[in-house]
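Residue-level listing of the chains:
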Amino acid sequence: MNPITSIRSRTVVMPSTNIDTDQIIPGRFLTTTTKEGLGQQLFADWRYDANGAPRADFILNTPAAQGCRILVAGRNVGCGSSREHAPWALLDYGIQAVISTEIADIFRNNSLKNGLLPIVVDAATHAWLIANPGAEISIDLQTATLTLPGQAPVGFPIDPFARYCLINGVDELGFLLSKNAAIEAYEARRGA
Amino acid sequence: MSQPKTMFEKVWQAHEVVPETADTPAVIFIDLHLTHEVTSPQAFSVLRERGLKVRRPDLTLATMDHATPTRTEQVFGGAPITIESAAKQIRQLEKNCAEFGVELLGLQDERRGIVHIIGPELGVTQPGKTIVCGDSHTSTHGAFGALAFGIGTTEVGHVLATQCLLQKKAKTLAVEVAGQLATGVTPKDLILAIIGQLGVSGGTGHVIEYRGAAVRAMSMEERMTVCNMSIEAGARAGMIAPDETTFAYLADRPRSPKGAAWDAAVSHWRTLPTDEGARFDKRIDIDGAALEPMVTYGTNPGMVVPVTGNIPDRRGDPVFDAAMRYMGLNAGEPIRNAPVNVVFVGSCTNGRLSDLRAAARVLRGHKVAQGVHMLVVPGSQEVKRLAEAEGLHHVFQEAGAEWRESGCSMCLGMNGDTVAKGEYSVSTSNRNFEGRQGVGARTLLASPETAAASAIRGRVTDPRELLNG
Ligand code: SF4
């Protein structure tokens, strides 16, 4: 995984509450054996009509959304299925951070492991972001802060270990493998 | 005396390989890793790229359920699997398991089924274990007093390679259910009511422990239905203390401990329940006796009302308005008599033998209403065999329902079984998200009894009307 320290981008806003992973990537696209190309099917049922043509009124199909790398979503984004295809699809499409007031557990975990930043902000910051789609904002992982245009940086919570891994491009599997002696000792202790 | 502990804390502590610190998560040992065709291919690819082996094939069990067809000719008859990419995914799992030495209960294996149904059936799901699977409904196994939760594909790779996961300790939430459920009211109704009360994110960051008289009175199959949907309240895991009901279920299962090992296991399992006086981070109370059959009306499992009730009027709330538009239903109207085109009985929530019996009890001697398509899909091949031995398939077929091979089927519509755009489906599964059962499909979640009653009337029906008369 490549190290990530900061992201600066305009935002695309999807204010719906409870955007579940079935919407992010519908089940029928999960019969893939790779991670590539899922960006094509991101939000497929909201993005395309029955004939596969882009729906003009869906936010990701609007000119303003092009090139945006930060998605601002309504409360409780990523609930439902554990499919990691959801962060894969967002990343493949070009989204690098998802901001909300609440992010579902498994989706947040899956996102961190792929370098998609799940950022939880307070209600006031969130309300500002929802009200100002397309704002150019920046996220700094070193300081764990988010900066809205013309405003002072605000902090966001992030697990220190996840942050360390993201900034240094450390992969968690490598970290776990380095614990082999402890795992062996545990197995011996348990006789398992 | 040591500090009283919750069941969750006991299981957690027993699996700490390296405890959590301020800077690093805990390394937690996993006793059972279940895997399936949809969320594993990319994990095996990582192992291959990095030259790693599966650390504990003896603790890993694979099956196929999500993308597998349910039509007998495609499973056993040599007919090609309709969806080419699904066929490829199935072949990939066969290849991965062979290459890495993982036991696979493959497409034609008589022990195959939905991963959360076969674990308990085989007796590999046991109290006190840590159990994971690349599937959010892994919470089902918590019914045995196991700590069981869903993980993503990267984590599937972590467990394959190290048998461990990096985890932060969750908070605990006690759901106390007093009283006894009334006739016609099922554990499915209870869990829908709990999600309605907690909301779809009310359990986020928590492990739920279901407690109280109504829970103690449930069979294992019923407890599984409850724990299954913990994730729909945002909780990754749900647990129920093991007791005599648990031990009776596990005794003599193919892979449960035998002889002296069984006795040792049971005495260990008896130490697992939450100690008197242990503290939970949060608690909610439910009056089990006051519940009615529940039906969802919207596009998440928390949008639920009693079958005798009305859809609430929350016009102006964007989530509610969007759900009403999608569902084609109206604020303030009774949910009873809502239209039904499809009825699905199955899934890891309600695809066990007792669920099929419950549906058959309502259906016996009736016909599925004209124009309604009813699909009954057993949760495993074992469930199918047992149901057929009792003649349940005849009840379904004589009523006009279809009877299939086991699998996830219409629960997530990635295997050829789907609900058409705009159609209403009363489903015993666990998610009513937009498009879950097919593009534009409108799902109403309910118990097997309510599903069967609704199939007969062709309208959303209170099953008590048919049970009583
Ligand atoms: S039956 Fe449905 S919820 Fe259960 S494992 Fe299969 S797809 Fe998931």
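Refer to the preceding data block for the structure.
Residues numbered from 1 in each chain as written. Chains lettered and ligands numbered in written order. Predicted model: local features only at pLDDT ≥ 70, side-chain atom pairs only at ≥ 80, totals over all residues. Heavy atoms only, no water.

Check the secondary structure of chain A and you find eight helices and seven strands. In summary, chain A has a C-alpha radius of gyration of 18 Å against a globular reference of 16 Å for 192 residues, a match within 12%. In terms of overall dimensions, chain A has C-alpha extents of about 60 × 45 × 25 Å along its principal axes. Relative to its 192 residues, chain A shows a buried fraction of 54%. Sequence-distant contacts in chain A: of pairs separated by 6 or more residues, those separated by 24 or more amount to 64%. When the accessible surface of chain A is split by element, carbon and sulfur atoms take 52% of a total near 7500 Å². If you average the places of the 15 positive and of the 18 negative side-chain charges in chain A, the two averages end up 2 Å apart. (Helix = DSSP H or I, 4+ residues; strand = E, 2+ residues; numbered from the N terminus. Rg over C-alpha atoms; globule rule 2.2 N^0.38 Å. Buried < 20%, exposed > 50% of the residue type's maximum accessible area, 1.4 Å probe, protein only. Contact = heavy atoms within 4.5 Å. Areas by Shrake-Rupley, 256 points an atom, 1.4 Å probe, with all protein chains shown as cover. Lys, Arg positive; Asp, Glu negative; His and termini not counted. Charge placed at Lys NZ, Arg CZ, Asp CG, Glu CD.)

Counting across every chain of the model gives 12 aromatic pairs over all chains. Aromatic side chains F43 of chain A and F58 of chain A sit 6.0 Å apart centroid to centroid with 55° between the ring planes, which places their arrangement in the tilted category. Residue F43 of chain A is found in the loop between α1 (21-24) and α2 (44-47), and its partner F58 of chain A is found in the loop between α2 and β2 (70-73); the two are separated by 15 residues along the sequence. On the numbers, 5.3 Å between centres and 40° between planes, the contact of F44 of chain B with F100 of chain B is tilted. With F44 of chain B in helix α2 (residues 41-50) and F100 of chain B in helix α4 (residues 84-100), this pair connects stretches of sequence that are 56 residues apart. (Phe/Tyr/Trp six-rings, centres within 6.5 Å; stacked < 30°, edge-to-face > 60°.)

Moving on, we come to the site of the ligand. All names here are of chain B. Taken together, H66, I114, H116, D135, H137, S347, C348, C408, C411, L412, N430 and R436 are the residues near the ligand. For the ligand, the cavity whose grid points lie within 2 Å of the majority of its atoms is the largest cavity. Among the residues making up the shell around the ligand, the classes are represented as five nonpolar, five polar and two charged. Each of domain 1 (7-167) and domain 3 (294-467) contributes no fewer than three residues to the shell around the ligand. (Near = heavy atom within 4 Å. 1 Å grid on protein atoms, 1.4 Å probe; cavity = no way out; pocket = protein on both sides within 12 Å on 5 of 7 lines; lining within 4 Å. Sits in = over half its atoms within 2 Å of the grid points. Nonpolar A, V, L, I, M, F, W, Y, C, P; charged D, E, K, R; others polar. Domains from an automatic or database assignment.)

Moving on to the sheet that holds strand β1 (residues 16-18) of chain B. What the three strands build is an open sheet, ordered β1-β2-β8 (chain B); its pairing is antiparallel. The strands lining the two open edges of the sheet, one partner per strand, are β1 and β8 (164-167) of chain B. If you compare each strand with its neighbour and ignore which way they point, the axes differ by 40° on average. Of the strand pairs in this sheet, strand β2 (residues 26-29) of chain B and β8 of chain B are connected by four bridges, and their pairing is antiparallel. Counted as the bridge partner of V27 of chain B is L166 of chain B from β8 of chain B. Each of β1, β2 and β8 of chain B touches helix α8 (residues 180-190) of chain A; the most contacted strand, β1 of chain B, lies at about 150° to it. (Pairing = 2+ DSSP bridges. Axes fitted to C-alpha atoms, helices over the stretch in contact; angles between N-to-C directions.)

It is worth spelling out the pattern of salt bridges at this point. Oppositely charged side chains may form a pair once their charged atoms are brought near each other. All names here are of chain B. As enumerated under the stated definition, the model contains 42 salt bridges over all chains in all. Between R270 and E244 there is a salt bridge; the shortest N-O distance is 2.5 Å. Within this pair, whereas R270 is found in the loop between α11 (260-269) and β12 (282-287), its partner E244 is found in helix α10 (residues 244-250), the two being separated by 26 residues in sequence. In this structure, K384 engages E388 in a salt bridge whose closest nitrogen and oxygen atoms are separated by 3.3 Å. Of this pair, K384 and E388 both sit in helix α15 (residues 381-389), separated by four residues, roughly a single helical turn. Taking relative accessible area as the criterion, K384 reaches 13% and is therefore assigned buried. Since its relative accessible area comes to 29%, E388 is described here as partly exposed. When salt bridges with common partners are traced through the structure, they connect E176, E209, R211, R283 and D285 into a single cluster. (Salt bridge = Lys/Arg side-chain N within 4 Å of Asp/Glu carboxyl O.)

Don't take any of this as a statement about function, it's just geometry.
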